[in-house]
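# Overview (structure and organization)
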Amino acid sequence: MDFFETVAQHRGGYILRPDLLDLGVSDREIKAALKQNLIVRLRVGTYAPQSATSLTPEERHRLLAFSVLDKLPSDAVLTHGSAAVVHTGVSYGIDLSHVDVTRPDRHGTARTEANVVHHGGLLPVEDIVEIDGRRVIVPARAALETASVAGTEAGLVQTSYVLRGGVDPDELTERLDRMARWPGIAKVRLSVLWAAPECESVGELRSVYMFRMGRLPIPRIQVE
C-alpha cells in the first residue's frame, strides 16, 4: 500500500490538504502528485489516492459527499440526490457536480456554496440513518426529495430502486402525503404512482417512463 493510500484510510478513503501538510508534504509536492496522477482532486483541498480513478461516478460522489459531510457541523445530514446515490448506487438524472446536505442552522431557500447545496430544516430523528458513521436521510425520503428536484423520470428511477430494495410502498405513500405542500409535488406523485420495482435496470425504468408519457400500454416486465 502506498503513502497516499495509507493516509486516505484514516479518513475513509479521502485526504485533506492539512493532513498532507502535517505529514510534511508541501503544496508544491501536492501539485506534483496531482500531475503524476498519484492523487486525484475531489474538490478544493480534498483529494483521493490514485485508486479512486477506477471508481464509478456514483462511488466517487459517495466519497465526495462523505468528505463534505465530515467538514460540516455534526448535525448536518446528507439528503436529496446525494443521499439517493448513497442508498441506491444509481445517479440517473442527478447532478453529481454538487453535494446536497440539510442543516438545522440554515433557513429559507437552499444556497449553493462551493458546490455544496445547503438546505435548511430540522429533520426528525426517525428520518435519519447512519452509514459508515455519517448521517444520511432514509431511502424513501431521499427518493422523494430527488423527484422534487430532478423531476419525475429521475424520481421514478429512485422510487423503483428503493422499493426493489425493500422499502414498504405504504411508507412512500405516507411520506408523499406529508409533502403535500412541497414545490413540485405533482412530479413527485407521478414518480411514486409510476414506480416499477420489477424493473432491473435504469434502461427498463426509462422505457416505462416513455411508455407512460406516450400514453401507451405498459409491457409485462420480467416475463418468465
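What comes next concerns the included structure. On a predicted model such as this, the values are computed, not experimentally measured, just so you know.

Taken together, three strands build an open sheet; the order of strands is β1-β3-β2 and the sheet is antiparallel. What marks the edges here is a single partner per strand, and that holds for β1 (15-16) and β2 (39-43). Against the sheet, helix α4 (residues 57-71) contacts β1, β2 and β3 (46-49), and its axis sits at roughly 60 degrees relative to β2.

Now for unusual backbone geometry. A positive phi angle is found at D132, which is not glycine, with a value near 50 degrees. Position of D132 among the secondary structure elements: in the loop between β8 (128-131) and β9 (134-137). Its relative accessible area of 52% is what places D132 among the exposed residues. With a phi close to 55 degrees, Q222 is a non-glycine residue in the positive phi region. Inspection of the secondary structure puts Q222 in the segment after α10 (202-213). The class of Q222 is partly exposed, set by a relative accessible area of 35%.

A general feature of soluble globular proteins is that nonpolar side chains tend to end up buried together. Of all hydrophobic cores here, the largest spans 30 residues; its most connected members are L78, V99 and V101. Breaking this core down by element, the ones donating at least two residues are β2, α4, β4 (77-78), α5 (80-88), β5 (99-103), β8 and β9. Looking at which element gives the most residues to this core, the answer is α4, with six residues. If near-sequence neighbours (up to four positions away) are discounted, V99 is found in contact with H61, L64, A65, V68, L78, S82, N115, V116 and V117. Listed in part, the 14 residues of the second largest apolar core include V162, L163, V167 and V188.

What counts as what
- Residues numbered from 1 in each chain as written.
- Predicted model: local features only at pLDDT ≥ 70, side-chain atom pairs only at ≥ 80, totals over all residues.
- Heavy atoms only, no water.
- Pairing = 2+ DSSP bridges.
- Helix = DSSP H or I, 4+ residues; strand = E, 2+ residues; numbered from the N terminus.
- Contact = heavy atoms within 4.5 Å.
- Axes fitted to C-alpha atoms, helices over the stretch in contact; angles between N-to-C directions.
- Buried < 20%, exposed > 50% of the residue type's maximum accessible area, 1.4 Å probe, protein only.
- Core = buried A, V, L, I, M, F, W, Y, C linked by side-chain atoms within 4.5 Å.

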